[in-house]
Amino acid sequence: MIVIIDYDTGNTRNVKKALDYLNIENTLSADPAVINQADGVVLPGVGAFGKAMDALRERQLVDVIQQVAAKGTPMLGICLGMQLLFDRGFEFGENAGLGLIPGDVIAIPEDLGVKVPHMGWNLNTVTQNDPVAAGFDQESTYFVHSFYVKTAPENILATCDYGVKLPSIVRRDNVIGMQFHPEKSGQIGLNGLRAFKEVIENANYSSN
Amino acid sequence: MLAKRIIPCLDVDHGRVKKGVNFVNLTDVGDPVEIAAAYEKQGADELVFLDITATNEKRKAIVDTIEQVASQVFMPLTVGGGIHTIDDMQRLLKAGADKVAVNSAAVNAPDLITAGAEKFGAQCIVLAIDTKWDPATNRYVVYTNGGRKATDLDAIEWAKEGVAKGAGELLVTSMDKDGTKSGFDLKLYQALCDAVAVPTIASGGCGKLQHFTDVFKETNVDAALAASVFHFGELTISDVKQELRTNGVTVR
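This structure is a prediction, so every number in the text was calculated from the model and none was measured.

**Regarding the sheet that holds strand S10 (residues 147-150) of chain A**
Residue and element names in this part refer to chain A. Spatially, 4 strands are ordered S6-S5-S7-S10 in an open sheet, and the strand pairing comes out mixed. Either end of the sheet is taken by a strand with one partner, and the two such strands are strand S6 (95-96) and S10. Strand direction decides the pairing type here: strand S7 (residues 101-107) and S10, joined by 4 bridges, are antiparallel. Counted as the bridge partner of Ile106 is Tyr148 from S10.

Take a look at the structure:
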């Protein structure tokens, strides 16, 4: 069972609709006990970094997310949910993130002649072989964000060119992030959710 | 590079798609879910739903429509029409909309833009502007109430104010061009894109492929919206994209 972490962020239901459409068993929950038992965890998110971390803290979800990540449960952060996986965010001041992947979340520079937010369909280029990213090379997905992740190349599976080369898919072991919205990126995006399901199945297989 | 977006617009009345020509004369063209799915197959980048239901008590129909579309169609969905409060926005976003467009209500109470942006993020709040050139005063005048009521506002100034108040995107319809099929109002969009830095959607006037090339080559808009040319199959989205690709415009 995939648990979508429910912390009053806008797009949780759209992630659920996409998983339902794919017949992937899932539930929305903010209950640490339920999250702890999950085969896979999806962390959605729209809005600002600091406010989202506050919302996780208020619901006492930070510890359980860090625990399930540490025990190897596959985790997928989407959009702001991906950014929260990193050490620090600099949206409206400095805020600590979940610290699951080393790196910072910084503003897309506006002096490069690009409009901010980065909103619309943009092309992905895969930079490392990985089943999660395989379907995205030279495919467009839907992005909506003003901040981007700065992390070591070893954590980056795909990038997208928007003045800067911003990481569009990241992965460190069982922790995966997609900067775009796979639930809003047509068939290509849905394939990304299917790939996450396979990560979960492989993790279950190897732990049995 | 970011792709230029092609956006079919679906006018929805009591759960059915209609097309108003010059904002009147409705013709039923069909079921929203079927039409949305067909546009997704054609390669639409986003869908805009305008709720043109006149009576407030029937407005929950649009929430059901969005709920159904969002369960079957996986691309960005914007909803406008009759949005007056944060609660209206909340209901539509919960049903599966990604963005909400405000028009008359924002003119009457501009703080609605700020309240929406603070609660849902600026990327969620689209300021829709209907405008007509006024030769007497030499400016674009903003209209509300579905194009029926002229205001004192200058469209370019109102766009700037809306962005300052938190609008993350503009959807600007040229009433002079709407329904004419004589091309987008290039002068309007040049002026707008010089004035604001947020993504802007051009609407009104397209009738042939060349018009899409013109609006992306001659102005800095991010997206072009059309209804009847797509609804009645005069143009397909894949035709439009092929045309744009041939002319060196980045599309998906």
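Following the structure, the description resumes.
**Some points on the UniProt feature "active site" (unreviewed entry) in chain A**
Residues and elements named next belong to chain A. The sites that UniProt annotates as "active site" (unreviewed entry) are Cys79, His181 and Glu183. Their sequence span is 105 residues, while the largest C-alpha to C-alpha distance among them is just 10.7 Å; these annotated residues converge on one region. Within the secondary structure layout, His181 lies in the loop between strand S13 (175-178) and helix H6 (186-207). In this structure, Glu183 sits in the loop between S13 and H6.

**A closer look at the environment of A:Arg172**
Residues and elements named next belong to chain A. Along the chain, the position of Arg172 falls in strand S12 (residues 164-172). Given the relative accessible area of 38%, Arg172 is considered partly exposed. Taking C-alpha positions, Arg172 is 19 Å from Tyr205, a pair spaced 33 residues apart along the chain. Setting aside anything within four residues of it in sequence, one finds Arg172 in contact with Leu100, Ile101, Pro102 and Asn155.

**Things to note about the sheet that holds strand S3 (residues 40-43) of chain A**
Residues and elements named next belong to chain A. Across the sheet, 9 strands lie side by side as S2-S1-S3-S4-S13-S12-S11-S8-S9; this open sheet has mixed pairing. With partners counted over all chains shown, the strands left at the sheet margins are strand S2 (26-29) and strand S9 (140-145), one partner each. Across the sheet, the axes of successive neighbouring strands diverge by a mean angle of 30°, strand direction being ignored. Examined bridge by bridge, S12 and S13 share 4 bridges and lie antiparallel to one another. Within S13, the residue paired with Val170 across the bridge is Gly177. Packing of helix H1 (residues 12-21) onto the sheet brings it into contact with strand S1 (2-5), S2, S3 and strand S4 (75-78), and relative to S1 it is tilted by some 160°. Seen against the sheet, helix H4 (residues 62-70) touches S1, S3, S4 and S13 and runs at an angle of roughly 130° to S4.

**Focus on the nonpolar core**
B:Leu47, B:Phe212 and B:Phe230 are the most contacted members of the largest nonpolar core, which has 76 residues in total. Ranked by residue count, the leading element in this core is helix H2 (residues 60-72) of chain B, at 5 residues. Beyond its immediate stretch of four places on either side in the chain, B:Phe212 contacts B:Ile6, B:Phe184, B:Cys206, B:Ala224, B:Ala226, B:Phe230, B:Leu235, B:Val240 and B:Leu244. Of all hydrophobic cores here, the second largest spans 36 residues; its members include A:Ala18, A:Leu19, A:Ile169 and A:Phe196.

**Quick look at the pairing of strand S11 (residues 156-162) of chain A**
Residue and element names in this part refer to chain A. Across the 7 residues of S11, 6 count as buried, placing the element largely inside the fold. The pairing of strand S8 (residues 118-126) with S11 spans 3 bridges and is antiparallel. Residue Thr125 lies in a different strand from S11, and its bridge partner there is Thr159. Here S11 folds back onto S12, and the loop between the two strands holds 1 residue, one of which, Gly163, carries a positive phi near 80°.

**Brief notes about the UniProt feature "active site" (unreviewed entry) in chain B**
Residues and elements named next belong to chain B. According to UniProt, the "active site" (unreviewed entry) feature falls on Asp11 and Asp130. On the secondary structure map, Asp11 appears in strand S1 (residues 5-13). By relative accessible area, which is 11% here, Asp11 ends up buried. Mapped onto the elements, Asp130 comes out in strand S7 (residues 125-134). Looking at Asp130, its side chain comes within polar contact range of the side chain of Asn103, at 3.2 Å.

**Notes on helix H10 (residues 237-246) of chain B**
All names here are of chain B. Of all the residues in H10, the buried ones are Ile237, Val240, Lys241, Glu243 and Leu244. Buried residues of H10, viewed axially, fall in a sector of 160°; they line one side. Structurally, H10 contributes buried residues whose contacts are with S1, helix H1 (32-42), helix H8 (209-218) and helix H9 (228-231). Backbone geometry just after H10 places Gly248 at a positive phi near 80°.

**Details of the interface of chain A and chain B**
If you look at the interface, chain A gives 23 residues, while chain B gives 32 residues. Of all residues in chain A, A:Lys115, A:Met119 and A:Trp121 give up the largest surface area on contact with chain B, accounting jointly for 33% of the area buried on that side. Taken together, the links from chain A to chain B amount to 3 salt bridges. B:Asp222 is the salt-bridge partner of A:Lys115, the closest N and O atoms lying 2.6 Å from each other. Taken together, the connections running from chain A to chain B amount to 12 residue pairs in polar contact (both at pLDDT 80 or more). Only H1, S8, S9, S11 and H6 of chain A provide two or more residues apiece to the side of chain A that touches chain B. Split into classes, the residues belonging to the side of chain A that touches chain B amount to 9 nonpolar, 7 polar and 7 charged.

Conventions adopted
- Residues numbered from 1 in each chain as written.
- Chains lettered and ligands numbered in written order.
- Predicted model: local features only at pLDDT ≥ 70, side-chain atom pairs only at ≥ 80, totals over all residues.
- Heavy atoms only, no water.
- Pairing = 2+ DSSP bridges.
- Helix = DSSP H or I, 4+ residues; strand = E, 2+ residues; numbered from the N terminus.
- UniProt positions renumbered as here; feature names shortened; annotations may be inferred.
- Buried < 20%, exposed > 50% of the residue type's maximum accessible area, 1.4 Å probe, protein only.
- Contact = heavy atoms within 4.5 Å.
- Axes fitted to C-alpha atoms, helices over the stretch in contact; angles between N-to-C directions.
- Core = buried A, V, L, I, M, F, W, Y, C linked by side-chain atoms within 4.5 Å.
- Polar contact = N/O pair within 3.5 Å; in protein donor to acceptor, adjacent residues only side chain to side chain.
- Arc of directions from axis to C-beta.
- Buried area = accessible area lost by both parts, 1.4 Å probe.
- Salt bridge = Lys/Arg side-chain N within 4 Å of Asp/Glu carboxyl O.
- Nonpolar A, V, L, I, M, F, W, Y, C, P; charged D, E, K, R; others polar.

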